[in-house]
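# Reading the structure
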Amino acid sequence: MRKSILIWMTTALVALQGCGGEQEKKTTVKVPLPIDSGAVRLAVMPTLDCLPFFLASEHGLFASVGLNIVLLPYQAQMDCDTALQRGSADGMATDLVRSECLISQGISLTYIMRTQASWQLLTGKAARISRLKQLDDKMLAMTRYSATDLLADLAVDSARLKPERVFRIQVNDVNVRLSMLQNAIMDALLLPEPQATAARNLHAAVLLDTRKLDVQLGVVAFKEHVFTDKQQQLFLKAYNQACDSINQQGLDAYSDIIQKYCGVTQQVVDSLPSNLIFQPAAQPREVDVERAKAWLKEKERIAYVEKRSI
C-alpha cells in the first residue's frame, strides 16, 4: 500500500530535476494586474516571516517613506522563483538554498536582509512517530533544493538513517502540505509558521525545530540594481517600523492581516508562540550562507556520482 501511494505521489507531484529546476506542472503563477510600471514587485509567501511586509503594505508604511512596493502573494516557493526568473517579480522572500540555486544559474541577486523564517519537522498522530529514528521507511513532504530539503538531510543524518530509507515527497504548496497532515496522507512534513502552529493544534508532534538549532535560512533577495542605496534604506526603514508595531502591539493586534495573507483561523493566531520577537533588519549571517552553499555543492557531487554510476 505504501509503495502504491508513493508511486502516485511522485507521479502527481513532479520533482525538481536538479538545482533550480522547473516548478510543479500543476502549479500556476498568478500575477495581479494591472501593476504600476514604476512599482517594485516583491513575491511573498503565506508565512509569518512575511508579516512585516504584509503590515507595511496594508498600513501604508512603504508609501509613507516614498516607496511603491507591490506584494505578489504565492503559495509555493517555486512560484516565487518562476515569477523572478520571468520578470514578473523584482524580488522575493525566500530561503538561502533557493536563492543560492538561482545565483548558481547566473541570476544576479542581492540580499537585502534576512527574515525570521523558521521550520518545524512535524508528524501526525496516525503515523505514530515520536523520534527522528522512526522516520525509517516513511514519507516526508518538503520542497527539493530548498531549506526544507537541507533540513530533511539534517534530520536523517542526526538519526543516522540511510537517506534512501526516508522517502522525500515534493509538495511545494505549504497549505497543501498541511492538509496532507490533516488527512493523514503524509507521515511527516516540514512546515513554517503559522502552518506549523496549525499542525500542532492538530496534535502533531515536533521532531525538529530550527529555532533550537540556530539555523537562520530566511532571506529577502532582489535582482541587482532594483534599488538605489537610498531606496534600500527606505525599504528597511519601513520594515523596521512594521516590526516595532508587531512587537509593541502583539500578533493578535494584526490577526486580520495574518488570517488574510496566511489563510489560517483565529484559533491558529491565538496559538502562535507568544515570545516571538521580530528583530530589526540585518544581513544574512555568513555561517548560514556558507551552510547553504556547502549543502548545494554536496548535492551536486552526489548527483554527479550517481550519474556516472548509471
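Coordinates for the structure precede this section.
Everything in this summary refers to the structure shown in the same document. Everything quoted here is computed from the prediction, not taken from an experiment.

### Re unusual backbone geometry
Residue P194 is bonded to the preceding E193 through a cis peptide linkage, with omega at 5 degrees. Backbone geometry places R128, a non-glycine residue, at a positive phi of 55 degrees. In this structure, R128 sits in the loop between β5 (119-123) and β6 (138-142). The residue Y145 is not glycine, and still its phi comes out positive at about 55 degrees. Looking at the element boundaries, Y145 is found in the loop between β6 and α6 (147-158).

### Thoughts on the side chain of E193
With respect to the secondary-structure elements, E193 resides in the loop between β8 (188-192) and α8 (195-201). Within polar-contact distance, the side chain of E193 engages the side chain of R211 at 3.4 Å. Those residues in contact with E193, other than ones at most four positions away along the chain, are T47, L48, S118, R200, R211, L272 and P273.

### Section: empty space enclosed by the protein
Inspection of the entire model under this criterion finds two cavities of 30 Å³ or more. Quantified by volume, the largest cavity comes out at close to 230 Å³. Around the largest cavity, the lining comprises 17 residues; the ones closest to its centre are M45, Q77, D95, W119 and P192. Residue assignment for the lining of the largest cavity shows that the elements contributing at least two residues are β3 (91-95), α6 and α7 (174-182). Considered class by class, the residues forming the lining of the largest cavity number seven nonpolar, seven polar and three charged. In terms of lining, the second largest cavity is formed by L48, D49, Q116, A117, S118, P192, E193, R211, P273, L276 and F278. Per-class residue counts for the lining of the second largest cavity are six nonpolar, two polar and three charged.

### Re the layout of surface pockets
Within this model, the second largest pocket holds a volume of roughly 360 Å³. Lining the second largest pocket are 18 residues; nearest its centre among them are T115, Q116, A117, R211 and Q216.

### Quick word on the sheet that holds strand β7 (residues 166-170)
A sheet is described by the order of its strands in space; here five strands give the open sequence β7-β6-β8-β5-β9, paired in mixed fashion. The open sheet has two free edges, formed respectively by β7 and β9 (205-209), since each of these has just one partner strand. Mean inter-strand twist for the sheet, computed between neighbouring axes without regard to direction, equals 30 degrees. Direction of pairing for β6 relative to β7: parallel, over a ladder of five bridges. Note on β7: the bridge partner recorded for M142 is Q170.

### Describing the packing of helix α2 (residues 51-58) against helix α9 (residues 229-249)
Here α2 crosses α9 at 100 degrees, and the two axes come no closer than 8 Å. Viewed along their axes, α2 and α9 adopt a mutual orientation that is roughly perpendicular. For the pair α2 and α9, the contacting residues are L51, P52, F53, L55 and A56 in the first and F235, A238, Y239, A242, C243, S245 and I246 in the second. Along the lines of polarity and charge, the residues of the contact of α2 with α9 split into 11 nonpolar, one polar and no charged.

### What about the packing of aromatic side chains?
Counted under the stated rule, the structure contains eight aromatic pairs. On the basis of an interplanar angle of 10 degrees and a centroid distance of 4.2 Å, the ring pair of F54 and Y261 is categorised as stacked. One end of the pair, F54, is in helix α2; the other, Y261, is in helix α10 (residues 255-262), and 207 residues separate them in sequence. What makes F54 buried here is its relative accessible area of 1%. Seen from their ring centres, F227 and F235 are 5.5 Å apart, and the 40 degrees between their planes marks the pair as tilted. Three or more aromatic residues joined by ring pairs form one cluster here, namely F53, F62, F222, F227, F235 and Y239.

Rules of the game
Residues numbered from 1 in each chain as written. Predicted model: local features only at pLDDT ≥ 70, side-chain atom pairs only at ≥ 80, totals over all residues. Heavy atoms only, no water. Helix = DSSP H or I, 4+ residues; strand = E, 2+ residues; numbered from the N terminus. Polar contact = N/O pair within 3.5 Å; in protein donor to acceptor, adjacent residues only side chain to side chain. Contact = heavy atoms within 4.5 Å. 1 Å grid on protein atoms, 1.4 Å probe; cavity = no way out; pocket = protein on both sides within 12 Å on 5 of 7 lines; lining within 4 Å. Points joined across faces, edges and corners; volume = space filled by probe spheres on them. Nonpolar A, V, L, I, M, F, W, Y, C, P; charged D, E, K, R; others polar. Pairing = 2+ DSSP bridges. Axes fitted to C-alpha atoms, helices over the stretch in contact; angles between N-to-C directions. Parallel < 35°, antiparallel > 145°, perpendicular 65-115°, else oblique. Phe/Tyr/Trp six-rings, centres within 6.5 Å; stacked < 30°, edge-to-face > 60°. Buried < 20%, exposed > 50% of the residue type's maximum accessible area, 1.4 Å probe, protein only.

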